[in-house]
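Analysis of the macromolecular model
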Amino acid sequence: MSVHNPDIKRVTTHTIQELKNKGEKISALTAYDYSMARVVDAAGVEVILVGDSASNVMAGHETTLPITLDQMIYHASSVVRGVKRALVVVDLPFGSYQGNSSEALRSAIRIMKESGAHAVKMEGGQEIRESIVRILSAGVPVMGHLGLTPQSIYKFGTYAVRAKEEVEAQKLIDDAHMLQDIGCFGLVLEKIPATLTKKVSQSLAIPTIGIGAGPDADGQILVFHDVLGINNEFKPRFLRRYADLHTIMTEALAHYVDDVKANDFPNEKEAY
């Protein structure tokens, strides 16, 4: 059972900071629709990320790149309507903020106004500093994202662990402190060595959320479909499955098909 604090009626960026200050781990999960969001929120998760991973798990794309700003707003709006407690953070999708701070601001404002979300997340460090500053200046909370940044997958050419070498690790550390200094309220660290995660997390005042980054981040995030075993093909080392819903749902639906074929559904009690 969840051990979340029932006294927290609504999680905010301030709440997340307080959890880090107290040394209490932060739980985060993705969600992409109303029904999914209601389940995640009821479980006591503090942060719900409307991830551009919807491009993969909801639309079947190979990467996160194809999803559009309009589609992200649709998913975020659905999630917000299902949430009573958690902080809802929305990914700014590829192409909506890189290289143009004015467009970045317009994208962030659209997400906040049209979805009702509470914050946005952006991938990258120094190279997107201007866009982050512009968004923060409008009062929109921003969560950073360093390490493996899936929107740059064609640049990397691989989903392998990032920042294993000294030069890249130092850049990540520098970027993390820059993101904190300009006002980001938190930071996702994806698929980096656990020792680097510990070093960054201990050196920052703002909370870090890890995925494939070891146990020493201030919190952890996984994708809803992965953690519940709905997607049974994705098996990275960092993933712990807490259910096998793919099997459960497949067997249940096969049972339904059998009942329909046998004219056992609906029965007399299920008919008017």
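Structure first, text after, so check above.
Anyway, here's the lowdown on the structure attached to this text. (Residues numbered from 1 in each chain as written. Predicted model: local features only at pLDDT ≥ 70, side-chain atom pairs only at ≥ 80, totals over all residues. Heavy atoms only, no water.)

**Observations regarding the layout of surface pockets**
Its volume calculated, the largest pocket comes out at about 1000 Å³. Lining the largest pocket are 37 residues, with Gln-220, Ile-221, Leu-222, Val-227 and Tyr-242 positioned closest to its centre. Here the lining of the largest pocket is composed, by residue class, of 23 nonpolar, eight polar and six charged. Of the voids in this model, the second largest pocket is the one considered here, and its volume is about 670 Å³. Every residue lining the second largest pocket is counted, 29 residues in all, and those nearest its centre are Ser-53, Asn-56, Glu-190, Val-223 and Phe-234. Put simply, the parts of the chain that give the lining of the second largest pocket at least two residues each are α3 (54-57), β4 (119-123), β6 (186-190) and β8 (219-222). In the lining of the second largest pocket, the residues fall into 13 nonpolar, eight polar and eight charged. (1 Å grid on protein atoms, 1.4 Å probe; cavity = no way out; pocket = protein on both sides within 12 Å on 5 of 7 lines; lining within 4 Å. Points joined across faces, edges and corners; volume = space filled by probe spheres on them. Nonpolar A, V, L, I, M, F, W, Y, C, P; charged D, E, K, R; others polar. Helix = DSSP H or I, 4+ residues; strand = E, 2+ residues; numbered from the N terminus.)

**Notes on the environment of Met-36**
As for its placement among the helices and strands, Met-36 is situated in helix α2 (residues 34-42). Distance from Met-36 to Val-83, taken between C-alpha atoms, is 9.7 Å for residues 47 residues apart in sequence. Leave out the neighbours within four places in its chain, and Met-36 touches Ala-31, Met-58, Phe-224 and His-225. (Contact = heavy atoms within 4.5 Å.)

**Concerning the packing of aromatic side chains**
Each aromatic ring pair is described using two quantities: the centre-to-centre distance and the angle formed by the ring planes. Applying the stated criterion across every chain yields a total of two aromatic pairs. With centroids separated by 6.4 Å and ring planes inclined at 70°, the aromatic side chains of Phe-234 and Phe-238 adopt a geometry described as edge-to-face. According to the relative accessible area criterion, Phe-234 is partly exposed, its value standing at 36%. On the basis of relative accessibility, which here comes to 29%, the residue Phe-238 falls in the partly exposed class. (Phe/Tyr/Trp six-rings, centres within 6.5 Å; stacked < 30°, edge-to-face > 60°. Buried < 20%, exposed > 50% of the residue type's maximum accessible area, 1.4 Å probe, protein only.)

**As for the packing of helix α5 (residues 101-115) against helix α6 (residues 129-137)**
When two helices pack together, their arrangement is given by the angle between the helix axes and by the axis-to-axis distance. Look at α5 against α6: their axes get within 8 Å of each other, and the N-to-C directions meet at 45°. Relative to α6, the element α5 lies oblique. Crossing hand, α5 versus α6: right-handed. On α6, the residues that touch Ser-101, Ser-102, Ala-104, Leu-105 and Ala-108 of α5 are Glu-130, Ser-131, Arg-134 and Ile-135. Tallied by class, the residues present in the contact of α5 with α6 amount to four nonpolar, three polar and two charged. (Axes fitted to C-alpha atoms, helices over the stretch in contact; angles between N-to-C directions. Parallel < 35°, antiparallel > 145°, perpendicular 65-115°, else oblique. Left-handed = near helix turned anticlockwise from the far one by under 90°.)

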